[in-house]
Amino acid sequence: MTRVRLSVAERRDELLRAAVAQIEERGVAAVRIADVASALGVSNALVLYHFSTKEKLVAEAFAYAAESDLVHLRRLLGRRTTALRRLRAAVRWYAPTGQAKGWRLWIEGWAACLREPALREVAGALDQQWKSALTRVIAEGAAAGEFPCADPAAAAWRLTAFLDGLAVQMTSYAGSLSRAAMLEWADAALARELGLPSLDAPAPPQPAPPPTTPPQPPA
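Definitions and limits used
Residues numbered from 1 in each chain as written. Predicted model: local features only at pLDDT ≥ 70, side-chain atom pairs only at ≥ 80, totals over all residues. Heavy atoms only, no water. Axes fitted to C-alpha atoms, helices over the stretch in contact; angles between N-to-C directions. Helix = DSSP H or I, 4+ residues; strand = E, 2+ residues; numbered from the N terminus. Parallel < 35°, antiparallel > 145°, perpendicular 65-115°, else oblique. Contact = heavy atoms within 4.5 Å. Nonpolar A, V, L, I, M, F, W, Y, C, P; charged D, E, K, R; others polar. Buried < 20%, exposed > 50% of the residue type's maximum accessible area, 1.4 Å probe, protein only. Lys, Arg positive; Asp, Glu negative; His and termini not counted. Salt bridge = Lys/Arg side-chain N within 4 Å of Asp/Glu carboxyl O. Core = buried A, V, L, I, M, F, W, Y, C linked by side-chain atoms within 4.5 Å. Phe/Tyr/Trp six-rings, centres within 6.5 Å; stacked < 30°, edge-to-face > 60°. Expected span 1.5 Å × (residues − 1).

Student: Any chance you could explain the packing of helix α1 (residues 8-26) against helix α4 (residues 54-77) here in plain terms?
Tutor: For any two helices packed against each other, the geometry is given by the interaxial angle and the distance between the axes. Across the interface, α1 lies against α4 with an axial gap of 9 Å and an inter-helix angle of 90 degrees. What the angle tells us is that α1 and α4 run roughly perpendicular. Between α1, through Arg-12, Asp-13, Leu-16, Arg-17, Ala-19, Val-20 and Ile-23, and α4, the contact on the second element is made entirely by Leu-57, Val-58, Glu-60, Ala-61, Tyr-64 and Ala-65. Partitioning the contact of α1 with α4 into residue classes produces 9 nonpolar, no polar and 4 charged.

Student: Help me out: how do you make sense of the side chain of Asp-164 in this one?
Tutor: Considering the arrangement of structural elements, one finds Asp-164 in helix α8 (residues 152-172). Buried charge Asp-164 goes without a salt bridge, the closest partner of opposite sign being Lys-131 at 5.1 Å. When residues no more than four places from it in sequence are discounted, the contact partners of Asp-164 are Tyr-94, Trp-103, Trp-110 and Asp-127.

Student: I'm lost on the environment of Arg-104 in this one. Help?
Tutor: Along the chain, Arg-104 falls in helix α6 (residues 103-113). Each C-alpha atom of the pair Arg-104 and Gly-27 lies 9.1 Å from the other, and the pair is 77 residues apart in sequence.

Student: I keep staring at the pattern of salt bridges and nothing clicks. Help me out?
Tutor: Across all of its chains, the model carries 12 salt bridges by this definition. In this structure, Asp-35 engages Arg-26 in a salt bridge whose closest nitrogen and oxygen atoms are separated by 3.7 Å. Residue Asp-35 is classed as buried on the basis of its relative accessible area of 6%. Taking relative accessible area as the criterion, Arg-26 reaches 41% and is therefore assigned partly exposed. We note a salt bridge from Arg-86 to Glu-140, for which the minimum N-O separation is 2.6 Å. Of this pair, Arg-86 sits in helix α5 (residues 83-94) while Glu-140 sits in helix α7 (residues 117-143), and the two are 54 residues apart along the sequence. Since its relative accessible area comes to 7%, Arg-86 is described here as buried. In this structure, a network of salt bridges that share partners links the residues Arg-88, Arg-92, Asp-187 and Asp-200.

Student: Looking at this structure, I do not really get the nonpolar core. What am I missing?
Tutor: Within soluble globular proteins, side chains that are nonpolar tend to cluster in buried spots. Of all hydrophobic cores here, the largest spans 60 residues; its most connected members are Leu-57, Leu-77, Leu-87, Ile-138, Phe-147 and Leu-194. Elements with a minimum of two residues in this core: α1, α2 (33-40), α4, α5, α6, α7, α8 and α9 (179-194). Apart from the residues lying within four places of it in its own chain, the contact partners of Leu-77 are Arg-86, Leu-87, Ala-90, Ala-133, Leu-134 and Val-137.

Student: Before we go on, may I ask you to explain the packing of aromatic side chains in this structure?
Tutor: The geometry of two aromatic rings is summed up by the distance between their centres and the angle between their planes. The full count for this structure, using the stated rule, is 4 aromatic pairs. Summarising the aromatic geometry, the rings of Trp-93 and Trp-130 are spaced 5.9 Å apart at their centres and angled 15 degrees between planes, so their arrangement reads as stacked. Highlighted residues: Trp-93 in helix α5 and Trp-130 in helix α7, separated in sequence by 37 residues. Trp-130 matches Trp-93 in its accessibility class, with the two residues each being buried.

Student: What's the story with the side chain of Gln-22 in this structure? I'm lost.
Tutor: Relative to the helices and strands, Gln-22 is located in helix α1. Residue contacts for Gln-22: discarding those within four places in its chain leaves Gly-27, Val-31, Asp-35, Val-36 and Ala-39.

Student: Which parts of the structure should I look at to understand α7?
Tutor: Along an α-helix, residues three or four positions apart point the same way, because every turn accommodates 3.6 residues. Relative to the 39 Å expected for 27 residues at 1.5 Å per residue, α7 spans 38 Å between its end C-alpha atoms, a close match to the ideal helical length. Taken residue by residue, α7 has Leu-119, Ala-123, Leu-126, Asp-127, Trp-130, Lys-131, Ala-133, Leu-134, Thr-135, Val-137, Ile-138 and Gly-141 as its buried positions. Where the residues of α7 are buried, they touch α4, α5, α6, α8 and α9. Positive backbone phi, at 80 degrees, marks Gly-145, one or two positions downstream of α7.

Below, the structure is given as structure tokens:
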């Protein structure tokens, strides 16, 4: 059977999708160029033509898989509603109980980052995009008086660290915590970082600025 001739962009897309599937099945450490080639019925040389090493293929596959989640995150955070509602939707989607894809891939990637500089660079840049997107919306909500978060960047870091850690636990030990409990914990973590008693409580009133004393006329 004659294979359809693909453009360079189409071929790279096909190879990356196959690489993601093989990484999810075998893990970063075990996957080989030959596994990706075999899955598509192509030669090892063709894979190496587009990605000169396994490390580059894995790094680009990781970025390819993560990009769809980043696109969805930006869509959630860009809605025309309050910052609090956008953040809550994003956290519930990102949490281990949500529909974000690739938790197994992220965990595999974190482990491989210890030994693979190319993957560490890509994963670090992707991670920073998540944190920056959350930071911007937290800062927007704080500026609008929705909640009294004093340090949006630190809040975004702590929040993502909590959710990442929860995801590692729930992916490694599936079923150890109920969906309802995880959603409750995610909501509580977000409320804590925003300085709210709960996500359904209004923001505490901000202290009024001290009155200014009008200048006195000279005696």
